[in-house]
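# Observations on chain architecture
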Amino acid sequence: MKVGYKAVAGAALLAMALTACAGGGGDKPKAGSTEAAKEAQQQAAGLPGSTTNPVAYDQVTDGGSVKLALNQWQSQWNYNQVNGTNANTDDVIEPLMPLVAIANDKAEVTNNPDYVTEWKMELTGGKQVVTYKINDKAAWSDGKPITYKDFQAQWKALNGKNNKYQVSSTDGYDRVASVEKGATDKDVVVTFDKNYPDWPGMFSPLYPASTNETPEAFNKGWIDKIPVTAGPFKVESMDQTSKTATLVRDDKWWGQKAKLDKVIFRTTEDTAKLNAFANGELDAVEIPANAADLKRAKAVPNVDIRKAAAPNWRHFTVNGSSAFLKDKSVRQAIQLGINRETIAASDLKDMDWPVQTLNNHLYMNTHKGYVDNSGELGKYNPEKAKQLLDAAGWKQEGEYRKKDGKEFSLRFIVPASLSTSKQEGELTQAMLKEIGVKVVIEPVPDDKFFDDFIIPGNFDLVPFSWLGTPFPNGALPQIYKSPTSPDNFGSNFPRVGTPELDKLIDQAAGEMDPAKAIELGNAADKLIWDEVHTIPMYQRPDIYAAKKNLANYGSFGYADKNWTTVGYTK
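In this report, the structure presented in the accompanying data block is examined.

Definitions and cut-offs
- Sequence positions are assigned chain by chain, starting from 1 and proceeding in written order.
- Two thresholds apply to this predicted model, a pLDDT of at least 70 for residue-level local features and 80 or more for giving and counting side-chain atom pairs, whereas whole-chain, interface and lining totals are computed over all residues.
- Heavy atoms from the whole structure form the basis of all side-chain values; hydrogens and water molecules are not counted.
- Per the convention used, a helix needs a DSSP run of H or I reaching at least four residues, while a strand needs a run of E reaching at least two, with both numbered from the N terminus.
- Only C-alpha atoms enter the radius of gyration; for comparison, a globular chain is expected to reach 2.2 Å times N to the power 0.38, where N is the number of residues.
- Partly exposed describes any residue whose relative accessible area lies between the buried limit of under 20% and the exposed limit of over 50%, with all areas from a 1.4 Å probe on protein chains only and scaled to the type maximum.
- Per-residue and other accessible areas were derived by the Shrake-Rupley procedure at a 1.4 Å probe size, with only the shown protein chains allowed to occlude residues.
- Charged residues are defined narrowly, with Lys and Arg counted positive, Asp and Glu counted negative, and His plus the chain ends left uncounted.
- Lys charges are placed at NZ, Arg charges at CZ, Asp charges at CG and Glu charges at CD.
- By this definition, two strands are paired if DSSP reports at least two bridges between them.
- The definition of a nonpolar core used throughout is a set of buried Ala, Val, Leu, Ile, Met, Phe, Trp, Tyr and Cys residues joined through side-chain atoms within 4.5 Å.
- For this analysis, a ring pair means two rings from Phe, Tyr or Trp (six-membered ring only for Trp) whose centres lie within 6.5 Å, classed as stacked if their planes differ by under 30 degrees, edge-to-face if by over 60, and tilted for the remaining angles.
- Throughout this description, a polar contact denotes any pair of N or O atoms lying within 3.5 Å of each other; where both atoms belong to protein, one of them has to be capable of donating a hydrogen while the other can accept it, and for residues adjacent in sequence the pair is counted only when both atoms sit in side chains.
- Angles shown run from 0 to 180 degrees and are taken between the N-to-C directions of axes, each axis being a line fitted to C-alpha atoms and, for helices, limited to the stretch in contact.
- We call two directions roughly parallel when the angle between them is under 35 degrees, roughly antiparallel when it is over 145, roughly perpendicular when it lies between 65 and 115, and oblique otherwise.
- Residue contacts are defined here by distance: any two heavy atoms, one from each residue, within 4.5 Å place the two residues in contact.
- Polarity classes work like this: nonpolar for Ala, Val, Leu, Ile, Met, Phe, Trp, Tyr, Cys and Pro, charged for Asp, Glu, Lys and Arg, and polar for all others, with Gly in that last group.
- The span you would expect from a helix comes to 1.5 Å times its residue count less one.

### Section: the overall build of the chain
- Along its length, the chain carries 15 helices and 24 strands.
- The C-alpha radius of gyration computed for the chain amounts to 23 Å, which stays within 12% of the reference 25 Å derived for 570 residues, consistent with globular compactness.
- In terms of its C-alpha atoms, the chain occupies a principal-axis envelope of roughly 70 × 60 × 45 Å.
- In the chain, buried positions account for 59% of the 570 residues.
- In the form shown here, the chain has an accessible surface area of approximately 21800 Å², with 48% of it arising from carbon and sulfur atoms.
- The positive charge centre, built from 66 side chains, and the negative charge centre, built from 72, are 1 Å apart in the chain.

### Observations regarding the sheet that holds strand S16 (residues 400-403)
- Taken in spatial order, the three strands make up an open sheet running S15-S16-S17, and their pairing is antiparallel. Unpaired on one side and paired on the other, strand S15 (395-397) and strand S17 (406-407) mark the two borders of the sheet.
- Two elements, S16 and S17, share two bridges in a ladder whose sense is antiparallel. Paired with Lys-402 across the bridge in S17 is Glu-407.

### A closer look at the nonpolar core
- The biggest cluster of nonpolar side chains holds 65 residues, and the ones touching the most others in it are Tyr-132, Phe-151, Phe-203, Val-263, Phe-265, Tyr-553 and Trp-563.
- Val-318, Phe-412, Leu-432 and Ile-435 belong to the second-largest nonpolar core, a separate cluster that totals 52 residues.

### Things to note about the packing of aromatic side chains
- Counted under the stated rule, the structure contains 27 aromatic pairs.
- Look at Phe-324 and Trp-394: their rings are 5.8 Å apart centre to centre, the planes differ by 45 degrees, and that puts the pair in the tilted class. Taken together, the positions of Phe-324 in the loop between strand S14 (312-318) and helix H8 (328-336) and Trp-394 in the loop between helix H10 (382-391) and S15 put the pair 70 residues apart, joining distant regions of the chain.
- Look at Phe-324 and you get buried, because its relative accessible area is 13%.
- Taking the relative accessible area as the measure of exposure, Trp-394 reaches 7% and is therefore buried.
- Taking the centre distance of 6.4 Å and the plane angle of 70 degrees together, the rings of Phe-489 and Phe-493 count as edge-to-face.
- On the accessibility criterion, Phe-489 (11% relative accessible area) is buried.
- These aromatic residues form a ring-pair network of at least three members: Trp-119, Tyr-132, Phe-151, Tyr-173, Trp-199 and Phe-203.

### Some details on the side chain of Asn-473
- Its location among the elements puts Asn-473 in the loop between strand S20 (461-467) and helix H13 (475-480).
- For Asn-473, a relative accessible area of 11% translates into the label buried.
- Reaching out from Asn-473, the side chain makes a polar contact with the backbone oxygen of Ala-517 at a distance of 3.2 Å.

### Looking at the packing of H8 against helix H15 (residues 514-531)
- Across the interface, H8 lies against H15 with an axial gap of 8 Å and an inter-helix angle of 90 degrees. The angle between H8 and H15 places the two elements in the roughly perpendicular class. Here Lys-328, Arg-331, Gln-332 and Gln-335 of H8 lie close against H15, whose contacting residues are Trp-529, Asp-530 and Glu-531.
- Here the residues of the contact of H8 with H15 sort into one nonpolar, two polar and four charged.

### Examining the sheet that holds strand S13 (residues 303-308)
- The strand order S12-S22-S13 describes an open sheet built from three strands, whose pairing is antiparallel. Looking along the sheet, the strands with just one partner apiece sit at the ends: strand S12 (284-286) and S13. Across the sheet, the mean angle separating the axes of adjacent strands is 20 degrees when strand polarity is ignored.
- As judged from the six bridges shared by S13 and strand S22 (residues 542-547), these two strands associate in the antiparallel manner. Bridging across to S22, Ile-305 finds its partner in Ala-545.
- On the sheet, helix H7 (residues 291-298) packs against S13 and S22 and is oriented at approximately 135 degrees with respect to S13.

### Let's talk about helix H14 (residues 499-510)
- With 12 residues, H14 should reach 16 Å at 1.5 Å per residue; the first-to-last C-alpha distance of 17 Å fits that figure.
- On the buried face of H14, the contacting elements are H13 and H15.

Listed below in structure tokens is the structure:
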């Protein structure tokens, strides 16, 4: 269970041809209409919390292996480092590293007894204090016990006080005054300087003290390797050539024995995943927003289609630090020039998924805190967009606009193997041409998409998905708080923010009353819309195709995986 959001490139891709971008057909309500919105909301309310083919532990076969796909191969395996906070890193380390907390599909969070046998939060004299009792058997693969020192070192690395640690988020850790030893080395006492309601999401994943002791170890110690583990599985091999991670059952594991012998993660291009699944090379595969892939997956013999409502969403990130987009009014013009309803209708057509735009950066359409905060900026309005560009000095000269002799041209970065993502760029290209803005679609190597382009800010517009957690307000400091320096921006890839927004973020992060926290979150969301930091598209599908006899795996929604129970039915 993690507080932090993670990014994924190919989680939601455009499936329809450019000429078919209106979607719809038949007698279905027109996208964007009141009737369609009502129908979509009803459909969303009916989505299951998870679909994993749940089977009792003793009814799962001992042994066997499961073969799964990664979207791209990672070089950074420290999840807390800015280059590591990625869905692919997360997939591999989940069976290997400690999660202090676990969530179910109702977003209810409890301590994970394999690592923390009990925890307690108290407010004493206005100070929030959380105590953890570490499992006596919990130990790292190098033989060292897991102790308060691991918690303490992680706090020091992630609290933001040393800018040499290139962290993806300081959320929660920057509100802690101290992490100390309790009665024994297995007792941890965390005292907060400022209240933090999302404390259960901290220290997950937990890394050993050796990883966090120096910036050098933190930033580079897990590049191309996973040196230490503490989970039901351990690393057998990390093949850089085949881009495959092979995990095997760890006999030193102190918890419930894992059913599987092996878990194999193989990097597979998006266009090849369905073939690999149909040929038995993969045992489960995520289905992107691609109706053709879903149809084909349903035709595979002995397949089970599993879907759930998850806190994950598709968006375009808008680089507010790029030369063309530093002006907020220009960013607003770009947003007004993009028809989000068209993109959502096109992406989600025939996906058995609610077709509705997402009008909130924090709360999904299915969340109790959801409010449409998009206002006028959420509506497609190319005429208003043209007015804003004129006022900003970008005048139409022929096909495109110019200012001081320079043509207005935006780079739309996409992973090279994702042809449907390129088509998404083509939709945007056609829309923005109508307001006089040129869009150049730039395919880049999949493995470089985040490390060389998104994270260093080498883009103007880029589409990807954020995968969330039961703590939606955790997105505020991680993604939307103003960068503290050019090298320390968390996951704020647009590198924009305001003092007013930062103040609301800090208030929301410390609000212990859940209703008031949502109210503050929505107030912050309105400012995020105004800044045009990110353009939300929709709550993305969480759909998997799996072998029918694969148990306890699939679409988890808010829930964490229990890798000891994953296996095959008897």
